[in-house]
Amino acid sequence: MNETKEITRIEAFFLPAGMSFETTTSTRILTSEGPVELLIPVLDGEKLKMIIANLSRNRSDYLSTLSTSEIIERIAVASEKWLNPSYPQRVLAEQLLPALTGYAADSIRLQLKRYMRTFRRKELLRFIGEEFDDPLVLDEFRPRKSGGFSRAYGPKLLFQVFSGNVPGVSLWSMTMGLLLRSAQLGKTSMAEPLMAVWFAQSLAEVDAKLADSIAILPWKGGSEELEREAIRQADTVTVYGGRLAVESVRAKVPIEKKFVAYGPKASFAMIGKEALTPDRMNVTISRLAADVAHYDQQSCMSPQCVYIEDGGSIDAQGFAALIAAELGRLQLRWPRASLADQEAYAILEVRNRYWLEEAAGEGSAVYASTKDAQWTVVYHNTPRFEGSPLNRTLHVYRCRRVEDVIPMLEPAGQAGLLQTCGAAIGPHRMFALAEALGNIGVNRFCHIGSMLQAKAGWHHDGRFNLMDLIRFTDIERTMEDELEQYDPDFE
Amino acid sequence: MLLKTKTALVTGASRGIGAEIAAALALHGASVVVGYHTRKDAAERTVERVREAGGRAFAYQADVRSMDEVTVMVEEVVNRYGSIDIVVNNALSPYSFNPAQRRTVWEHNWEDYQEQLDGSLGGAFHVCKAAMPHLQKQGSGRIINVVTNLIDFPVVPYHDYTTAKSALLGFTRNMAAELGRFNITVNALAPGLTQGTDSSRETREDVRRDIVRLTPMQRLAVPQDIANAAVLLASDLSGFITGQCLRVDGGLVMGS
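Residues numbered from 1 in each chain as written. Chains lettered and ligands numbered in written order. Predicted model: local features only at pLDDT ≥ 70, side-chain atom pairs only at ≥ 80, totals over all residues. Heavy atoms only, no water.

1. Considerations on the side chain of Thr46(B)
Moving on, step 1. By secondary structure assignment, the location of Thr46(B) is in helix H2 (residues 40–52).
Moving on, step 2. Setting aside its immediate chain neighbours within four residues, Thr46(B) contacts Ala13(B), Ser14(B), Ala19(B), Ala22(B) and Val34(B). (Helix = DSSP H or I, 4+ residues; strand = E, 2+ residues; numbered from the N terminus. Contact = heavy atoms within 4.5 Å.)

Written as structure tokens, this is what we have:
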């Protein structure tokens, strides 16, 4: 098309009211509605200092005066806006996120609406209730079962480093920061810098002064001056990312500051023979394929491999063939993002390795798309654990029983790499398998088809959520009795 | 290039299945007229797409519900391209496919049915009437009427829409019976729910999943699937196929 469409410019940052900075524009993004450029603020250490000073002042003037209940209300109202298909930020998200991330537009649309439902008031209450028997402990000193009183305090300034692989993960972090009445500085990844900005805008629409304690900024990873300033001022730092990102930030955070990392994780699936009966096998396969396809397997909860038990109507190799066909169909519905050379080579390398094995009769079989390495399924007739290069590359392992595989997963579990196991098994096996998986470090056990939708209150990476970010102050049990003596009326 | 030297008129071709059919016919060598009613911008994009792929096309605005407008349109096609060989009746009166907001049968009035009949059946009638003399003189022709597999299996009962399409199927068979002796084949093309079109936009995951589960090929149609079938019916390969209803729905519906 030679028609020159007007370029839309979108702010890829959020600042407290009254602050404005010089901006530059990012490279042009081509969307279904025309070209878009992102506005990125030009920053240096001094400017960041000013922003942080503003955030902190706004926090102490306003955010810190709100009760937890008032904050929940505001977050809920802000997120409810996203349940309206015509909400401007949602429309923008559906238009821009596919272009930015490369993920299929229909997949983004579906996942986004599912995700935003997890911020409704009832879910926020569940989230808090999960970790605090008495949620008021976030607001005031509350009596403890063991006597005395305690109160929880959140960070004064939270510096969050977000990743860009799954749009919207930053929103939970932002929510936690708000619930803890922290000023927050969120550094976004240029791979997906917008969801956090839009959420901050939604919050501002509900309560501008609340949103004034939030700043969302993109800057190139490794900008020493900015990172050091942010870390220097923050009392708590959280990082989402791969090993390199996490280690590079960790190295800069002094020991006395709280550092919380959500680092690299791998997930997998297990299919028992009960899920491979003639009437169940097709839906089992389509559920698992959806877990593989959304976000092109880039989520820490996406299955990288699946263990298929003997004894079903379809054997593991048949399963591999069928799930390959399903991934081929999903390519039509939710096309995979186009890959950088490096990512494509990683997949081709895996294919080549196993094609050779297949040719040598060593018990592998490769099912591969013909174009652009769009999807790959590798069947192995003996089980082990091997991560996948992602982007819809799935290892399918045959095993006698899924329980047999646990020892092979143990090393990865011990290294803290395992996160979610999605399974389809008979209900009588659930607890025993959960026990075995828990033992080796898996922290989430769920049904296939739901692997990418963790429920509110889950132990992210096996840890606490809000609890990891707070500190307590205790009024010791005996103090109140002892202090009575200083009241002249006491006898 | 199955359709070299052929001229095709596709109504309702500004977007969705119609646009894909137009593009596919052009890819196989036909000169294509992209008929549209209101979406000029979209129709021009379809034309652009054909031209960029090295094909021949132009867009033409007409309301297929008007005999006069259709007569003029068919004249123009024959003037510009010298003949008319293939007619694809895909246009219909504007319709909102929304399972959550459709009218139940007890909420319908006759006017709703009439409106759809005027579009789907009336439109096809007008176009066929205008094109028929040319096809008869030529001693060959292909008429393809786009219906829907909802006729056989109304998984979502769009009463007015599907009733009109049923009438279009009856129209197809009777025309086939009469025009066969002129070497004109008349067939119906029955797509299943097709992703990426106006007709599937409001269909939620639960309905999609139900349909996919019952579909042997385990997915919904994409416009390309329908277009491929249209190419078959437009080509000489289907020269002895007439009066048929070709369902393109991955096997959801089988048999007569």
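2. Here's the deal with the sheet that holds strand S11 (residues 258–262) of chain A
All names here are of chain A.
Moving on, step 1. Sheet architecture is open: five strands sit in the order S9-S8-S7-S10-S11, paired in parallel fashion. Two strands lie at the open edges of the sheet, namely strand S9 (214–218) and S11, each paired on one side alone. Neighbour-to-neighbour, the strand axes of this sheet turn through a mean angle of 15°, independent of strand direction.
Moving on, step 2. Here strand S7 (residues 157–161) runs beside strand S8 (residues 183–188); their pairing, made up of five bridges, is parallel. Opposite Phe159, over in S8, you have Leu185 as the bridge partner.
Moving on, step 3. Lying over the sheet, helix H1 (residues 45–61) contacts S7, S8 and S9, oriented at roughly 140° with respect to S8.
Moving on, step 4. In the packing of helix H7 (residues 195–206) onto the sheet, contacts are made with S8 and S9, and the angle to S9 comes to roughly 155°. (Pairing = 2+ DSSP bridges. Axes fitted to C-alpha atoms, helices over the stretch in contact; angles between N-to-C directions.)

3. So, a negative patch on the surface
Moving on, step 1. A cluster of like negative charges, contributed by Glu480(A), Asp481(A), Glu482(A), Glu484(A), Asp487(A), Asp489(A) and Glu491(A), occupies part of the molecular surface.
Moving on, step 2. Look at Asp481(A) and you get exposed, because its relative accessible area is 56%. (Patch = residues over 30% accessible without salt bridge, like charges linked within 9 Å, V, L, I, M, F, W, Y side chains within 5 Å. Areas by Shrake-Rupley, 256 points an atom, 1.4 Å probe, with all protein chains shown as cover. Salt bridge = Lys/Arg side-chain N within 4 Å of Asp/Glu carboxyl O. Lys, Arg positive; Asp, Glu negative; His and termini not counted. Charge placed at Lys NZ, Arg CZ, Asp CG, Glu CD. Buried < 20%, exposed > 50% of the residue type's maximum accessible area, 1.4 Å probe, protein only.)

4. Quick look at the interface of chain A and chain B
Buried accessible area, meaning the area lost when the parts come together, often serves as the stated size of an interface.
Moving on, step 1. Facing eleven residues of chain A, the contacting portion of chain B comprises 13 residues.
Moving on, step 2. The junction of chain A with chain B conceals about 960 Å² of combined surface from both sides, 48% of it contributed by carbon and sulfur atoms.
Moving on, step 3. Counting every contact that joins chain A to chain B gives one salt bridge.
Moving on, step 4. Between Glu205(B) and Arg333(A) there is a salt bridge; the shortest N-O distance is 2.7 Å.
Moving on, step 5. Where chain A touches chain B, the interface holds three residue pairs in polar contact (both at pLDDT 80 or more).
Moving on, step 6. Looking at the side of chain A that touches chain B, the elements with two or more residues in it are helix H4 (105–116), helix H11 (281–293) and helix H12 (316–333) of chain A.
Moving on, step 7. Element by element, the count of residues in the side of chain A that touches chain B is highest for H12(A), at four residues.
Moving on, step 8. Of the residues assigned to the side of chain A that touches chain B, the class counts are four nonpolar, one polar and six charged. (Buried area = accessible area lost by both parts, 1.4 Å probe. Polar contact = N/O pair within 3.5 Å; in protein donor to acceptor, adjacent residues only side chain to side chain. Nonpolar A, V, L, I, M, F, W, Y, C, P; charged D, E, K, R; others polar.)

5. Comments concerning the pairing of S9(A)
Looking along a regular strand, one sees side chains alternate from face to face of the sheet.
Residue and element names in this part refer to chain A.
Moving on, step 1. Of all the five residues making up S9, five are buried; the element is thus mostly covered by neighbouring parts of the structure.
Moving on, step 2. Burial along S9 is two-sided: Ile214, Ile216 and Pro218 facing one way and Ala215 and Leu217 facing the other are all buried.
Moving on, step 3. Taken together, the five bridges between S8 and S9 define a ladder with parallel strand orientation. Bridging from a neighbouring strand, Gln184 pairs with Ile214 of S9.

6. Considering the sheet that holds strand S17 (residues 418–424) of chain A
Residues and elements named next belong to chain A.
Moving on, step 1. Ordered by their spatial adjacency, seven strands build an open sheet running S14-S15-S16-S13-S12-S17-S18, and the pairing between neighbours is mixed. In this open sheet, the two strands that pair with only one neighbour each are strand S14 (364–368) and strand S18 (444–447). Along the sheet, successive strands turn relative to each other by an average axial angle of 20°, direction set aside.
Moving on, step 2. The sheet contact formed by S17 and S18 spans four bridges and is parallel. Its bridge partner being in S18, Cys421 is matched across the sheet by Phe445.
Moving on, step 3. Its contacts with the sheet put H11 on strand S12 (266–271), strand S13 (303–309), strand S16 (393–399) and S18, and the angle it makes with S13 is roughly 160°.
Moving on, step 4. Sheet strands touched by helix H15 (residues 430–440): S12, S17 and S18. Its angle to S18, the strand with the most contacts, is close to 145°.

7. A closer look at the environment of Ala164(B)
Residues and elements named next belong to chain B.
Moving on, step 1. Secondary-structure assignment places Ala164 in helix H5 (residues 159–179).
Moving on, step 2. For Ala164, a relative accessible area of 0% puts it in the buried group.
Moving on, step 3. Taking C-alpha positions, Ala164 is 6.4 Å from Leu121, a pair spaced 43 residues apart along the chain.
Moving on, step 4. For Ala164, the residues in contact, after removing those within four places along its chain, are Gln116, Leu117 and Ser120.

8. Examining H1(A)
Residue and element names in this part refer to chain A.
Moving on, step 1. A rise of 1.5 Å per residue sets the reference length of H1, with its 17 residues, at 24 Å; its end C-alpha atoms lie 24 Å apart and thus fit the reference within 8%.
Moving on, step 2. Considered for burial, the residues of H1 that qualify are Gly45, Lys47, Leu48, Ile51, Ile52, Asn54, Leu55, Asn58 and Arg59.
Moving on, step 3. Backbone nitrogen of Glu46 and a side-chain oxygen of the N-cap are separated by 3.0 Å at the start of H1; the cap is Asp44. (Expected span 1.5 Å × (residues − 1).)

Just geometry here; none of it tells us what the structure is for.
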